[in-house]
Amino acid sequence: MSYIPTVEQAEELVKRFNKDPFHIQHAETVSKVMGEFAREYDPENVEFWAAVGMLHDIDFELYPEQHCVKARELLRELDVDEEVIHAVISHGYGLCIDVEPVKFMEKILFATDELTGLIGAAALMRPTGFEGMELKSVKKKFKDKKFAAGCSREVITKGAEMLGWELDTLLEKTLKAMTA
C-alpha cells in the first residue's frame, strides 16, 4: 500500500540516501520554499508540497548520472505514492527525464530548485545574509553568468514561463519564500 510521506519521513529518506551536508541542506531549503509557496497557493497541502521538496534530489548523491530515473525506482521500492513520485521526478524535465511538470506545484518545484541555489549563494556573499536582500540584487546575480554558474538560468527562465509568470515575479516570490 503506497503512502504519502510526511516532511519528517521524507527527511529520513533523504538522509538515508545522502550524506553530504550540502545535499541535505539543499533538500531542506527546497522543502521550506515549497512549504512557503503552498501556504500562499494551496494551504491545505503544505505538508505534501514540503515533502516533495524534501525528496526532489533523493537520488542525486548516489546516482548523479541517473538523476530522477533512480528516484522513481527508489521511491517505488519504498512504496511512496505515485503522485509524489511524479512531482519529484518532473523537476528534472528536459534535463534528465521526460516526465513533464503538469500540476502547478510541480511547476513551482521545477522553477525554484535551481533558483534556491542562486539566491542561497547570493546570501552567502552578503555580510547580512538574507537580511535586507532585495530583488535588484538577485536580478544582478542572475544576470552575472559567472556567479553560481551551476545554477541554470535557462531552467529558471523556463520555469517562470511554465508558470505564466514574469521572471521578476518568480525571483521575488522565491526570495520572499527563502527569507520567510
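Residues numbered from 1 in each chain as written. Predicted model: local features only at pLDDT ≥ 70, side-chain atom pairs only at ≥ 80, totals over all residues. Heavy atoms only, no water.

Visitor: Would you take a moment to explain the overall build of the chain for this structure?
Guide: Broken down by element type, the chain carries nine helices and zero strands. In the chain, the order of α-helices and β-strands from amino to carboxyl end is α-α-α-α-α-α-α-α-α. Within the chain, the fraction of its 180 residues that count as buried is 47%. In the chain, of all internal contacts separated by at least 6 residues, the share reaching a separation of at least 24 is 62%. (Helix = DSSP H or I, 4+ residues; strand = E, 2+ residues; numbered from the N terminus. Buried < 20%, exposed > 50% of the residue type's maximum accessible area, 1.4 Å probe, protein only. Contact = heavy atoms within 4.5 Å.)

Visitor: Help me understand the environment of Ile-58, please; the structure alone is not making it clear to me.
Guide: Tracing the chain through its elements places Ile-58 in the loop between helix H3 (46–55) and helix H4 (69–77). Its relative accessible area of 0% is what places Ile-58 among the buried residues. It is 8.5 Å that separates the C-alpha atoms of Ile-58 and Cys-68, two residues lying 10 residues apart in sequence. Discounting chain neighbours no more than four positions away, the residues touching Ile-58 are Leu-13, Val-14, Phe-17, Asn-18, Ala-71 and Leu-75.

Visitor: Any chance you could explain helix H8 (residues 153–163) here in plain terms?
Guide: For an α-helix, the turn length of 3.6 residues means that residues three or four places apart are oriented alike. Where H8 is concerned, the buried positions are Arg-153, Val-155, Ile-156, Gly-159, Ala-160 and Leu-163. Each buried residue of H8 sits inside an arc of 165° when the element is viewed along its axis, so together they form one side. Exposed positions of H8 whose direction lies more than 90 degrees from the buried face are Glu-154 and Glu-161. Check the buried side of H8 and you find it contacts helix H6 (104–124), helix H7 (135–143) and helix H9 (167–179). Capping the start of H8 is the job of one residue whose side-chain oxygen sits 3.4 Å from the backbone nitrogen of Glu-154: Ser-152. (Arc of directions from axis to C-beta. Polar contact = N/O pair within 3.5 Å; in protein donor to acceptor, adjacent residues only side chain to side chain.)

Visitor: Even after reading the chapter, I still don't get the environment of Phe-110, so can you show me in this structure?
Guide: With respect to the helices and strands, Phe-110 occurs in helix H6. Residue classification places Phe-110 among the buried positions, given a relative accessible area of 1%. In this structure, the C-alpha to C-alpha distance between Phe-110 and Glu-100, residues 10 residues apart in sequence, is 9.6 Å.

Visitor: Would you take a moment to explain unusual backbone geometry for this structure?
Guide: When glycine is set aside, most residues are seen to have a negative phi, and most peptide bonds are trans. With phi around 60°, Asp-79 is a residue other than glycine that occupies positive phi space. A positive phi angle is found at Ala-148, which is not glycine, with a value near 45°. Along the chain, the position of Ala-148 falls in the loop between H7 and H8.

Visitor: Would you explain H9 in this entry?
Guide: Under the 1.5 Å per step criterion, the end-to-end length of H9 is 18 Å for 13 residues, consistent within 8% with the ideal 18 Å. Of the surrounding secondary structure, the elements contacted by the buried residues of H9 are helix H2 (21–41), H6, H7 and H8. (Expected span 1.5 Å × (residues − 1).)

Visitor: Sorry, what's going on with the packing of H4 against helix H5 (residues 82–89) here?
Guide: Each pair of packed helices gets described by two things: the angle between the helix axes and the distance between those axes. Taken N-terminus to C-terminus, the directions of H4 and H5 make an angle of 160°; their axes are 10 Å apart at the nearest point. Relative to H5, the element H4 is oriented roughly antiparallel. By crossing handedness, the relation of H4 to H5 is classed as right-handed. For the pair H4 and H5, the contacting residues are Ala-71, Arg-72, Leu-75 and Arg-76 in the first and Glu-82, Ile-85, Val-88 and Ile-89 in the second. Here the residues of the contact of H4 with H5 sort into five nonpolar, no polar and three charged. (Axes fitted to C-alpha atoms, helices over the stretch in contact; angles between N-to-C directions. Parallel < 35°, antiparallel > 145°, perpendicular 65-115°, else oblique. Left-handed = near helix turned anticlockwise from the far one by under 90°. Nonpolar A, V, L, I, M, F, W, Y, C, P; charged D, E, K, R; others polar.)

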